[in-house]
Amino acid sequence: MTEGRNPQSPQQRERATTIFEKGAPGRRAFRAPDLDVPAVDGLIPAASRRAASPRLPEASEPEIVRHYVNLSKRNFDLDSGFYPLGSCTMKHNPRLHERVAALPGHARLHPLQDPRRAQGALELMFELQGALAEVAGLPHVSLQPSAGSHGELAGLLLTRAYHADRGEQRTKVLTPDSAHGTNPATVTMAGYEVVKVALDAAGGVDLDDLRAKTDENVACLMLTNPSTLGIFDPNIEQMASIVHETGATLYYDGANLNAIMGYSRPGDMGFDIVHFNLHKTFTQPHGGGGPGAGPIAVSDRIEPFLPRPQVVRRAPSNGGPPVYDLDEDRGGRESKSIGKLRGFQGNYGVFVRTYAYIRSLGAEGLKDVSEVAVLNANYVLARLREKVGDQLPLAFGERCMHEFVLSGAPMKKQLGIRTLDLAKRLLDHGVHPPTVYFPLVVEEALLVEPTETETRETLDQFVDAVAAIVAEAAQDPEIARNAPYTTPVRRLDEAGAAKRPRVRQAL
Amino acid sequence: MAEAGYPDELLYHAEHDWARVDDGVATFGITWFAQDALGEVVFFDPPEVGSSVTAGEFYAEVESVKAVSDVIAPLSGEIVEVNTALADTPEAINDDPYGDGWMVKVKLSDPDETTALLDRDTYVAGL
Amino acid sequence: MAGYTSVTPEDLAHMLDVIGVGSVEELFDGIPAGVRLRRPIDLPPGQPEQAVYAELRRLAARNVSTEDEITFLGAGMYDHYVPSIIDMLMSRSEFLTPYTPYQPEVSQGGLQVMFEYQTAISELTGLPVSNASVYEGPSAVGAAAYMAKLASKRPRLLVSRGVHPHSRATLETLAVGYGTTVEEIALEDGVTELDALRAALSDEVGAVVIQQPNFLGTIEDVTALSAAAHEHGALVICAADPLTLGVLEAPGNQGVDVCVGEGQSLGNRLDFGGPSFGFFAATEKHLRAMPGRIAGETTDADGRRGFVLTLQTREQHIRREKATSNICTSQALNALGGVVYLSWLGRQGIVELGELMLQRTHYARETLAALDGVTKLHDRPVVREFALRLAVSDREAVGRVLERCAAAGVNAGYALGRSYDEHPDGLLVAITEQRSRADIDRLAEVLGAAVAAERATVGAGATA
């Protein structure tokens, strides 16, 4: 195939060079403030003095700007095109959020500022705790965890503390086969053993298997609902009662919360601990892989163990306005808190954006989010089933929540192209591919999550692109097998990168 | 990548491992089928010389770009040598699974265990 | 429909028709009746953009930021100048709005940024392999300890009392999960007590955690501490302040195995504590045990240079319960800020900035210690931060002194008694390039007066 290769685009012709290969000795951007105090020698013991300065770039500001702006153009991004990356909720990022987060009163507030001079920040966090508690249907919130996986770790450490407080040493945590990889990885970090629960024919948790595996050594069941298959588990109430009967906790991975706001709440389903992915449901920009935030909401029985500090509100005895404070809890025998999971109070900049989002949307708007997310997903699903249902069938069921999983196994058999090839060919259509090869329980999986912020026209274009690639592959599968052609680079040798890792620029 | 093949002179374990026994010492590796299922091998994590292995249990890990697989010992014994060349050329596991792609040599603790292994035709029939 | 959706009534009718249902509600039929929310979410109604902006401005105005006072508050996060190009680059759609580079062909920008970032962190720390970032400082310390535990299987962890209190607290929290004991090594004269470390070490110790400069701003003898740990086969984990590494020896050259730290001072905003990033670098042999994303160099089908996420078999999405860490989303955008900052600062700049902080720290320390009722906590060499002792009665008295300073528009620093019971009278003062000699002189004036006033009050109280 030569399509797109000759002539090459300017980006394709350009050899990638790092900032370390640019610049020239002596060139610089930074100008240090003048030394305005008397210079004194010998302030650092000779053995601790740096012998050779770090070989950082030597480049001018214009050179740096051009380098990174050109680099940015080698990225596909959500502002430029459709990004239906399943399980990641790539919804529009309102720019209001960036504007308010950059206000100096938020952006330049020191985390150890006296709480009396950080009342605005603490009020915001307190109000956000309340809003998240309401969305979760659980009364207590800690904003501290830095991401979903960090929230999971908090949840299992809370579970451990809860059981220990009751004099119990439980050893196992249950996760379904369809779980995010972070779930089992977290289980190990928290010192538990993973026990996998099978799925039933409909893609839900197999209740018989769950019953068989739930005993008094089980500390917790970790669950995503709707699952990574885009299915709301109809047996959730039975599952909760099976797990609770043995005294174990029920943990809700909030990755898929975007599907159910205003319709159902994890607390009402019987969960004890929930984490939110603020970068998913509450639209923190994904930043190329973070930052995010993973606050948790918990039930009354888990509350005493929450991390510190907590934001609290105190009503003064004189009837004045409420005062917000950080409850540091310096430990001590009476404290049951698991302590700290990180420094300071959490990713406040993310909280500001989330707060702005919740204020903008309100109760109605949040429900609307979930309705349109589910509507869009089902629309794309219905259209794909009509056009390419034979090659890319839905893995389970008839409809979906906010995302759905197709299997590329028939496509591979009939047309000789894999899900990976379809994904790579989509890049030539200007679309970021859906998640591929996850969940692991579906062969050649394609996990599609359109989100609520896409227009019907964009959804139609995506369906047409998938259908075009399938039709093209029926004529000539080589085209997809060698795709992409139009991107800054073509398929990369990942095996070569892993065999002989080069993880830094040779200087 | 090597042509599909299963040498007659080897003993096979149903988890897609082979053993070549010579005077109480066995050489272990993975079969053509196993390397093909795994895809391009990028890393082999060997056990330590002197450690013991048990038939039917894993003794090493082999990695492709997107998967990690446990390698199962067809027989029990003590590791007397590991193929250190695989550190630089893990692709030998794909290119020559029965030759340069060998993984470890094991001094067998119970040579009678070989009776539980499969001959070529029985192994191939099970694929 | 409100917010950021775009479904018109015509769209809705068409889409429902294609799906084959009569209403949107029908799509939620799979949710059992028993777990349905039967009322609206109890939150206020949505607001137009200008109203939300006004609300967030109102809240911002209730905070005293580093623009509103002369601040010497540090203790882990510092008021450095963030150059304008960082705002510009971090807010570009192409960096701000994609996710983790799962499709490398359309993510070369982000992947190359990671590769450059890793190079810069390796240079700073003197350690050959770096990942692409972890959450932030204290959890990076926790991640390093987890790596040490997996590598060594040893049950004890030693941590210097000079390590940030939040890092120590995080270690305590996480160690419950991964099953290690955490024991503290005391400070003497402002530095980790080498003899106490030697006495505590045994072959049961998996790692020793130190900080450079330590929480009191004191320069530790990292080489000696590392050597002691290595005698027992323990790994050395050093949390470092990256902006001092232009003048302080690279930890990797002093025997440190894993160097981690808080990246906020590298071009990231204070943001009341986050998001920032944590860095994580180690010796070559730990490459396959590292947590988090790592970018690697390779070539494409036509032979072009390119970058990919590499060694992914370490990670949770592949190795699951055997993963080196559970981390997924980390801090890519903040790490971009970090590498742009280091490029802007440059090879000469990082030394000049370090030297400036060193000299001003010395000047401030001598100037303040000359005040009546103010002494140095110890005489050891310090950089960027130092501890004083105020001749006042207790922790509450230090609080009153700080309050008087705040009233004069100066944030004098961190009351050490907040985390060190043995220093109820301690004050930790931080210096950045933004604090000029005039600022320091102003602090001296205000602090001197505040200490004098506190002592006068107590004196008056005693005689009354």
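Residues numbered from 1 in each chain as written. Chains lettered and ligands numbered in written order. Predicted model: local features only at pLDDT ≥ 70, side-chain atom pairs only at ≥ 80, totals over all residues. Heavy atoms only, no water.

Per the secondary structure count, chain C includes 13 helices and 17 strands. In terms of principal-axis extent, the alpha carbons of chain C reach across some 85 × 55 × 50 Å. For chain C, buried positions account for 66% of its 464 residues. Partitioning the intrachain contacts of chain C with sequence separation of at least 6 by distance along the chain shows that 72% fall at a separation of at least 24. When the accessible surface of chain C is totalled, it reaches about 14,100 Å², and 51% of it is carbon and sulfur. Of the charged side chains in chain C, 39 are positive and 59 negative, and the gap between their average positions amounts to 3 Å. (Helix = DSSP H or I, 4+ residues; strand = E, 2+ residues; numbered from the N terminus. Buried < 20%, exposed > 50% of the residue type's maximum accessible area, 1.4 Å probe, protein only. Contact = heavy atoms within 4.5 Å. Areas by Shrake-Rupley, 256 points an atom, 1.4 Å probe, with all protein chains shown as cover. Lys, Arg positive; Asp, Glu negative; His and termini not counted. Charge placed at Lys NZ, Arg CZ, Asp CG, Glu CD.)

All names here are of chain C. Its 13 residues give helix α12 (residues 395-407) an end-to-end C-alpha distance of 19 Å, which sits within 8% of 18 Å, the value for a rise of 1.5 Å per residue. Among the residues making up α12, those that are buried are A397, V398, V401, L402, C405 and A406. Trailing α12 by a residue or two, G409 shows a phi angle of about 85°, which is positive. (Expected span 1.5 Å × (residues − 1).)

Another point: the environment of C:T361. Residue and element names in this part refer to chain C. Here T361 lies in helix α11 (residues 332-369). Judged by its relative accessible area of 0%, T361 is buried. Residues T361 and E385, spaced 24 residues apart in sequence, show a C-alpha to C-alpha distance of 6.6 Å. In this view, T361 contacts V382, V383, R384, E385, F386 and I431; residues no more than four positions away in its chain are not counted. Looking at T361, its side chain comes within polar contact range of the main-chain nitrogen of R384, at 3.0 Å. (Polar contact = N/O pair within 3.5 Å; in protein donor to acceptor, adjacent residues only side chain to side chain.)

What follows deals with the interface of chain C and chain A. Taken together, the contact between chain C and chain A spans 196 residues of the former and 206 residues of the latter. In total, chain C and chain A occlude about 17,900 Å² of area from one another, counting both sides; carbon and sulfur atoms represent 60% of this. It is C:Y4, C:E105 and C:F272 in chain C that bury the most area against chain A; as a group they hold 6% of the surface buried on that side. For the pair chain C and chain A, the number of links is 18 salt bridges. Salt-bridge contacts for C:E403 lead to A:R116; the nearest nitrogen and oxygen are separated by 3.0 Å. Counting across the chain C and chain A interface gives 111 residue pairs in polar contact (both at pLDDT 80 or more). With 25 residues, α11(C) is the single largest residue contributor to the side of chain C that touches chain A. Its residues assigned to classes, the side of chain C that touches chain A comprises 92 nonpolar, 62 polar and 42 charged. (Buried area = accessible area lost by both parts, 1.4 Å probe. Salt bridge = Lys/Arg side-chain N within 4 Å of Asp/Glu carboxyl O. Nonpolar A, V, L, I, M, F, W, Y, C, P; charged D, E, K, R; others polar.)

To continue, consider the packing of helix α5 (residues 108-125) of chain C against α11(C). Residues and elements named next belong to chain C. The contact between α5 and α11 brings their axes to 9 Å, and the two run at 50°. What the angle tells us is that α5 and α11 run oblique. For the pair α5 and α11, the crossing hand works out as left-handed. Facing α5, whose interface residues are V113, M114, E116, Y117, A120 and L124, α11 presents A332, A335, L336, V339, L342 and I350. Class assignment of the residues belonging to the contact of α5 with α11 gives a composition of eleven nonpolar, no polar and one charged. (Axes fitted to C-alpha atoms, helices over the stretch in contact; angles between N-to-C directions. Parallel < 35°, antiparallel > 145°, perpendicular 65-115°, else oblique. Left-handed = near helix turned anticlockwise from the far one by under 90°.)

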